[in-house]
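# Geometric and topological summary
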There are 2 protein chains.
Amino acid sequence: MIDETHDPARTSWVESANGHADFPIQNLPFGIFSAREGGRRAGVAIGDMILDLPAIADRLPDTVQDAIAQPTLNTLFALSAEDRRLLRKALSAMLADERHGKAIAPHLYPAAECTLHLPATIGDYTDFFVGIHHATNIGRQFRPENPLLPNYKYVPIGYHGRASSVRPSNVPVVRPNGQRKAPDADAPEFGPSRRLDYELELGVWIGPGNALGQPISIGEAGRHVAGFCLLNDWSARDFQAWEYQPLGPFLAKNFHSTVSPWVVTAEAMAPFRIAQPPRPEGDPAPLPYLFDEGDQAEGALNLRLEVFLSSEKMRADGVAPMRLSSGLASNMYWTIQQIVTHHASNGCNLSPGDLLGTGTISASTKDGFGSLIEISAGGKEPVPLPTGESRTFLEDGDEVILRATASAEGRASIGFGECRAVITPAP
Amino acid sequence: MIDETHDPARTSWVESANGHADFPIQNLPFGIFSAREGGRRAGVAIGDMILDLPAIADRLPDTVQDAIAQPTLNTLFALSAEDRRLLRKALSAMLADERHGKAIAPHLYPAAECTLHLPATIGDYTDFFVGIHHATNIGRQFRPENPLLPNYKYVPIGYHGRASSVRPSNVPVVRPNGQRKAPDADAPEFGPSRRLDYELELGVWIGPGNALGQPISIGEAGRHVAGFCLLNDWSARDFQAWEYQPLGPFLAKNFHSTVSPWVVTAEAMAPFRIAQPPRPEGDPAPLPYLFDEGDQAEGALNLRLEVFLSSEKMRADGVAPMRLSSGLASNMYWTIQQIVTHHASNGCNLSPGDLLGTGTISASTKDGFGSLIEISAGGKEPVPLPTGESRTFLEDGDEVILRATASAEGRASIGFGECRAVITPAP
């Protein structure tokens with residue numbers, strides 16, 4: 001799988017790419033952007049710049065021409081893995097070799113002057129629950145006697161989320177109104193959420209997908225993953241506790257979800273594949289339809305996930321965002337291939353541009369918990385901020401920033417860019 | 001609201017419309033069809049015929065020209081209620097007055113020779129749970145000690161379903177594979193569902209909708225309902241019992257959902273509005289954001305819902321489909337306007353072409369139960385068929401047919417047409 005596009009010695013004539021924390025030439029993520037002039041179009045992040053793909057179409061393979069001409073990446077996601085690799089190779093070559101600089105440079109835009117949009121029209125958005133430490137932590141708060149249900153180690157638990165309210169980074173999140181009921185109240189009341197939270201998740205953009213009624217085998221699942229992003233599954237914990245039985249979360253989570261706008265491709269992530277951590281002694285083996293030796297051997301990702309918080313006061317005082325947590329994406333009980341195969345195992349059809357969320361990924365210790373309800377122990381342990389403020393849940397004006405970095409011995413690290421949004425008051 | 005388009009004495013020069021059980025001139029539902037020649041286009045059902053809308057565009061109002069020219073009804077759903085009324089009025093006039101016959105007749109196609117497609121591109125599909133008798137019956141089977149949860153009478157419970165696997169009538173349903181666990185088994189197994197069921201639901205097609213962060217008040221909710229259909233929310237009960245906690249139904253229901261292809265408009269249903277049945281003594285009043293006097297006075301529908309079953313042997317023996325149940329849509333604890341308002345109450349944005357399901361609508365007695373798991377008491381009481389066969393759950397080759405008829409004193413009844421599909425074996 002590893003080719004010259006991953007060579008850590010490879011540099012670009014786009015100077016800002018060399019040593020860039022997120023977007024060195026080894027990454028080359030895709031997105032949909034607009035500059036001061038022209039409409040939405042496909043681009044590639046390289047250092048601090050964005051390369052306009054339709055503008056350089058004549059230098060790219062024939063098989064990708066239609067895909068890069070669209071105002072969304074759905075058609076690009078539908079490409080075969082082979083065509084995606086050819087595109088990556090062509091882009092890497094022209095951004096590495098300075099002889100292309102003169103022709104290409106006019107089609108680079110400073111990212112800081114561009115707007116990033118949702119990369120695809122999302123057909124369906126499904127959220128999973130594969131962060132086992134999160135499932136245990138949150139299960140303990142909602143069901144103290146029964147944190148991890150008996151199906152958890154057999155079924156990659158998931159549910160359908162709301163596609164219409166997924167937004168890219170930087171779109172403010174309006175605090176939702178909803179029903180909540182205090183444990184000692186006779187009846188619920190309706191009003192702004194008092195327990196607004198973030199959830200740190202990895203997002204998966206689906207590639208070619210399957211026809212209705214035709215499952216995807218575990219060995220084939222990887223071919224249907226086009227790329228990855230960060231996903232903040234904003235959650236109103238007070239609404240969730242009251243509404244979630246018996247049919248699961250609904251208004252507690254469908255008011256807004258934020259994704260990072262750059263799609264880090266499966267090809268870019270290839271060098272960061274690691275073995276799925278072994279299951280704890282005594283846990284059942286996955287059922288045969290979910291088991292594949294190759295998937296166990298290299299189905300997980302060596303990816304560090306971080307969450308930062310910045311309050312309005314912190315920004316006013318010039319205080320940098322404070323890191324709330326840092327943990328590894330390998331704290332997933334199921335691999336991404338397993339959730340894809342499970343999703344399609346009943347014949348449910350996945351389509352290019354569908355979005356899967358892993359569910360909140362928490363580490364086993366508090367410094368790696370992926371939500372405030374975990375970090376603050378359900379609101380009982382406030383988190384001190386550098387300004388003297390503290391937080392149990394999010395307040396208006398708070399900004400949450402998610403980051404991710406993939407690294408491997410002897411490889412150039414790559415990052416996902418930021419997934420950020422600020423909370424605005426309820427209407 | 002009642003105008004000449006509802007006059008029971010009104011007849012059409014399309015002879016088959018007069019006295020038609022579903023599509024007299026008082027109905028005029030919209031759909032997307034294709035005939036032997038030409039692509040997918042918008043049409044109106046009139047008797048046994050379909051009127052090709054783009055072909056008669058020059059006789060329709062300017063404001064609907066764009067809407068009727070599309071290969072889906074999403075743009076038509078986005079029209080204001082006023083524009084939809086103008087379109088209805090124009091169609092009713094030209095189909096009533098035989099002077100139009102010579103010009104219009106060439107654009108009528110026999111429905112039996114046409115294919116009906118999904119009427120819209122579904123952005124999001126949400127399923128509710130407002131049939132209180134169903135909620136009680138099924139709750140008793142999944143949670144004997146606790147059939148109706150404490151939130152039920154405050155929260156119009158709903159969850160997100162799968163948009164990609166919604167299909168129009170007549171597309172066969174492939175029996176899904178999945179995980180099920182017998183109560184006395186140590187571990188689950190994977191295989192074809194043994195408890196495949198139908199669910200009788202009313203479907204709601206969303207009209208204009210709202211922007212993210214901007215709720216829809218209960219008084220305005222009706223303007224965002226474009227029309228209605230029948231919805232069969234096929235369910236694998238064995239998978240559902242094992243997977244549904246804590247995040248709700250997932251693979252048990254997302255493998256296929258069937259809708260009737262004709263959209264019966266909110267305007268056509270206006271004469272069949274009735275008062276919402278009063279809540280039982282002692283039940284709480286809806287919270288203020290869900291309460292509107294007008295909605296209580298005429299927010300329900302006088303609509304009879306029926307389910308028929310036809311086994312392969314019944315069809316081979318020439319035996320007519322057997323009626324399994326007949327009940328009223330007014331067995332809904334919440335009105336359609338209440339579910340629309342609740343859905344958007346947290347700012348979640350609804351869009352033209354979104355599909356809402358009411359959840360299974362059962363009457364209070366067995367002859368009106370809306371699913372086999374209720375009729376067969378969880379598989380304990382087999383249902384005898386006229387061929388000597390019996391059913392607890394659906395078998396391969398079974399065909400399920402849903403029908404609906406709206407009626408009111410002094411009005412012409414209208415129907416929804418059929419929602420039907422046959423079960424095919426698991427792969």
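What counts and how
- Residues numbered from 1 in each chain as written.
- Chains lettered and ligands numbered in written order.
- Predicted model: local features only at pLDDT ≥ 70, side-chain atom pairs only at ≥ 80, totals over all residues.
- Heavy atoms only, no water.
- UniProt positions renumbered as here; feature names shortened; annotations may be inferred.
- Least-squares fit on C-alpha atoms with pLDDT ≥ 70 in both.
- Contact = heavy atoms within 4.5 Å.
- Buried < 20%, exposed > 50% of the residue type's maximum accessible area, 1.4 Å probe, protein only.
- Helix = DSSP H or I, 4+ residues; strand = E, 2+ residues; numbered from the N terminus.
- Pairing = 2+ DSSP bridges.
- Expected span 1.5 Å × (residues − 1).
- Axes fitted to C-alpha atoms, helices over the stretch in contact; angles between N-to-C directions.
- Disulfide = S-S within 2.5 Å.
- Polar contact = N/O pair within 3.5 Å; in protein donor to acceptor, adjacent residues only side chain to side chain.
- Salt bridge = Lys/Arg side-chain N within 4 Å of Asp/Glu carboxyl O.
- Buried area = accessible area lost by both parts, 1.4 Å probe.
- Phe/Tyr/Trp six-rings, centres within 6.5 Å; stacked < 30°, edge-to-face > 60°.
- Domains from an automatic or database assignment.
- Nonpolar A, V, L, I, M, F, W, Y, C, P; charged D, E, K, R; others polar.

For chain A, an unreviewed UniProt entry supplies the name fumarylacetoacetase and the organism Sphingomonas montanisoli. Quoted verbatim from the Pathway (unreviewed entry) field of UniProt, the annotation for chain A is "Amino-acid degradation; L-phenylalanine degradation; acetoacetate and fumarate from L-phenylalanine: step 6/6."

## Observations concerning the relation of the copies chain A and chain B
Superposing chain A onto chain B takes a rotation of 180° combined with a translation of 0.0 Å along the rotation axis, leaving an RMSD of 0.0 Å. The transformation relating the two chain copies, once decomposed into turn and shift, fits a two-fold axis. Taking C-alpha positions as reference, the residue of chain A nearest the rotation axis is Gly248 of chain A, located at 2.1 Å. By residue overlap, the copies meet face to face through one surface: 100% of the interface positions of chain A are interface positions in chain B.

## What about the UniProt feature "active site" (unreviewed entry) in chain A?
All names here are of chain A. Per the UniProt annotation, the sites labelled "active site" (unreviewed entry) are His134. For His134, a relative accessible area of 3% corresponds to the buried category. With residues up to four places along the chain from it excluded, the contact list for His134 reads Phe129, Gly139, Glu199, Thr360, Ser362, Ser371 and Glu374.

## Overview of the pairing of strand S2 (residues 41-46) of chain A
Residues and elements named next belong to chain A. Counted residue by residue, S2 has six buried out of six residues, so it is predominantly covered. Judged by which residues are buried, S2 turns out to be covered on both faces: Arg41, Gly43 and Ala45 on one side and Ala42, Val44 and Ile46 on the other are all buried. Bridge count for strand S1 (residues 30-34) against S2 is four bridges, and the pairing is antiparallel. The residue of S2 that forms the bridge with Phe33 is Arg41. Adjacent in sequence and paired antiparallel, S1 and S2 are bridged by six residues, among which Gly38 carries a positive phi angle near 90°. As defined by bridge partners, S2 adjoins strand S3 (residues 49-52) across four bridges and the pair is classed as antiparallel.

## A word on helix H3 (residues 81-96) of chain B
With 16 residues, H3 of chain B ought to run about 22 Å at 1.5 Å a step, and its terminal C-alpha atoms sit 22 Å apart, in line with that. Within the sequence span of H3 of chain B, burial applies to Ala81, Asp83, Arg84, Leu87, Arg88, Leu91, Ser92, Met94 and Leu95 of chain B.

## Some remarks on the sheet that holds strand S4 (residues 108-110) of chain B
All names here are of chain B. With antiparallel pairing, five strands are arranged side by side in an open sheet as S4-S3-S2-S1-S5. Each of the sheet's edge strands pairs with one partner strand only, and the pair in question is S4 and strand S5 (115-117). Strand after strand, the sheet turns through a mean of 50° between neighbouring axes, direction not considered. Taken together, the three bridges between strand S3 (residues 49-52) and S4 define a ladder with antiparallel strand orientation. For Ile50, the partnering residue across the bridge sits in S4 and is Tyr109.

## Focus: the state of the cysteines
Evaluated as defined, the whole model comprises zero disulfides over all chains. Between Cys419 of chain B, a free cysteine, and Cys229 of chain B, which holds the nearest cysteine sulfur, the sulfur-to-sulfur gap is 7.5 Å.

## Observations regarding unusual backbone geometry
All names here are of chain A. Here the amide bond leading from Gln245 into Pro246 is cis, since omega sits at 5°, within 30 degrees of zero. Topologically, Pro246 is positioned in the loop between helix H6 (237-243) and strand S16 (257-259). Located in the positive-phi region is Leu28, a residue other than glycine, with phi close to 60°. Relative to the helices and strands, Leu28 is located in the segment before S1. The buried category is assigned to Leu28, whose relative accessible area is 2%.

## A short note on the sheet that holds S1 of chain A
All names here are of chain A. Spatial ordering of the open sheet is given by S4-S3-S2-S1-S5, a layout of five strands whose pairing is antiparallel. What marks the edges here is a single partner per strand, and that holds for strand S4 (108-110) and strand S5 (115-117). If you compare each strand with its neighbour and ignore which way they point, the axes differ by 50° on average.

## A closer look at the side chain of Asn151 of chain B
Looking at the element boundaries, Asn151 of chain B is found in the loop between helix H5 (132-142) and strand S7 (158-160). A residue is classified by how much of its surface remains accessible, and Asn151 of chain B, at 4% relative accessible area, is buried. Only 2.9 Å separates the side chain of Asn151 of chain B from the backbone oxygen of Trp242 of chain A, close enough to count as a polar contact. With near-sequence residues (within four places) excluded, Asn151 of chain B lies in contact with Trp242, Glu243 and Gln245 of chain A together with Ile157 of chain B.

## Examining the pattern of salt bridges
Residue and element names in this part refer to chain B. Applying the stated criterion across every chain yields a total of 52 salt bridges over all chains. Across the pair Lys366 and Glu381 runs a salt bridge whose closest N-O atoms are separated by 2.9 Å. Here the residue Lys366 occupies a position in the loop between strand S22 (355-357) and helix H11 (372-375), and Glu381 occupies one in the loop between H11 and strand S23 (383-384), the gap between them amounting to 15 residues. Exposure remark for Glu381: the relative accessible area of 40% places this residue in the partly exposed category. The shortest N-O distance in the salt bridge between Glu418 and Arg403 comes to 3.4 Å. Of this pair, Glu418 sits in the loop between strand S26 (414-415) and strand S27 (419-424) while Arg403 sits in strand S25 (residues 399-406), and the two are 15 residues apart along the sequence.

## Focus on the interface of chain A and chain B
A common measure of how large an interface is: the accessible area buried when the components associate. In this assembly, 56 residues from chain A lie in contact with 56 residues from chain B. Both faces combined, the contact of chain A with chain B buries some 5,200 Å², and carbon together with sulfur accounts for 61% of it. The largest share of the area that chain A buries against chain B comes from Arg162, Leu247 and Phe250 of chain A, three residues that together contribute 15% of it. One can count four salt bridges joining chain A with chain B. Of the charged contacts, one joins Arg162 of chain A and Asp124 of chain B as a salt bridge, the two residues approaching to 3.5 Å between their closest N and O atoms. Scanning the region where chain A abuts chain B turns up 30 residue pairs in polar contact (both at pLDDT 80 or more). Elements that contribute at least two residues to the side of chain A that touches chain B include exactly strand S6 (125-128), strand S7 (158-160), strand S10 (177-180), strand S11 (189-192), H6 and helix H10 (336-344) of chain A.

## Overview of the packing of aromatic side chains
With the rule as written, the count across this model stands at 18 aromatic pairs over all chains. Pairing Tyr152 of chain A with Tyr333 of chain A gives two aromatic rings, centres 5.9 Å apart and planes at 50°, and the pair type is tilted. On the criterion of sequence distance, the pair formed by Tyr152 of chain A in the loop between helix H5 (132-142) and S7 and Tyr333 of chain A in the loop between strand S21 (322-328) and H10 is long-range, its members being 181 residues apart. Note on Tyr152 of chain A: relative accessible area 3%, which makes it buried. Centre to centre, the rings of Phe129 of chain B and Tyr152 of chain B are 6.1 Å apart; their planes meet at 75°, and the pair counts as edge-to-face. Taken together, the positions of Phe129 of chain B in the loop between strand S6 (125-128) and H5 and Tyr152 of chain B in the loop between H5 and S7 put the pair 23 residues apart, joining distant regions of the chain.

## Observations regarding the environment of Thr360 of chain B
All names here are of chain B. Examined against the element boundaries, Thr360 turns out to sit in the loop between S22 and H11. With 127 residues separating them in the primary sequence, Thr360 and Asp233 have C-alpha atoms 8.1 Å apart. Setting aside residues no more than four positions away along its own chain, Thr360 makes contact with Gly131, His134, Glu199, Leu200, Glu201, Gly370, Ser371 and Glu374. At a separation of 3.1 Å, a polar atom in the side chain of Thr360 contacts the side chain of Glu199.

## Things to note about the side chain of Glu199 of chain B
Mapped onto the elements, Glu199 of chain B comes out in the loop between strand S12 (196-197) and strand S13 (200-206). Apart from residues no more than four positions distant in its own chain, Glu199 of chain B is found in contact with His134, Leu231, Asn232, Asp233, Ser235, Arg237, Lys253, Thr360, Gly370, Ser371 and Leu402 of chain B.

## As for the domain arrangement of chain A
Residues and elements named next belong to chain A. Under the domain assignment, chain A is made up of domain 1 (4-117) and domain 2 (125-424). Using C-alpha coordinates to define each centre, domain 1 is positioned 28 Å away from domain 2. Contact with domain 2 buries surface across domain 1, with His6, Phe77 and Arg84 losing the most and accounting together for 29% of the total. The interface formed by domain 1 and domain 2 contains two salt bridges. Between Asp22 and Arg403 there is a salt bridge, with its nearest N and O atoms 2.9 Å apart. Connecting domain 1 to domain 2 are ten residue pairs in polar contact (both at pLDDT 80 or more). Listing elements by their share of the side of domain 1 that touches domain 2, those giving two or more residues are S1, S2, helix H2 (74-77), helix H3 (81-96) and S5. Considering each element in turn, the side of domain 1 that touches domain 2 owes the most residues, four residues, to H3. Of the residues in the side of domain 1 that touches domain 2, the class split is 15 nonpolar, seven polar and four charged.

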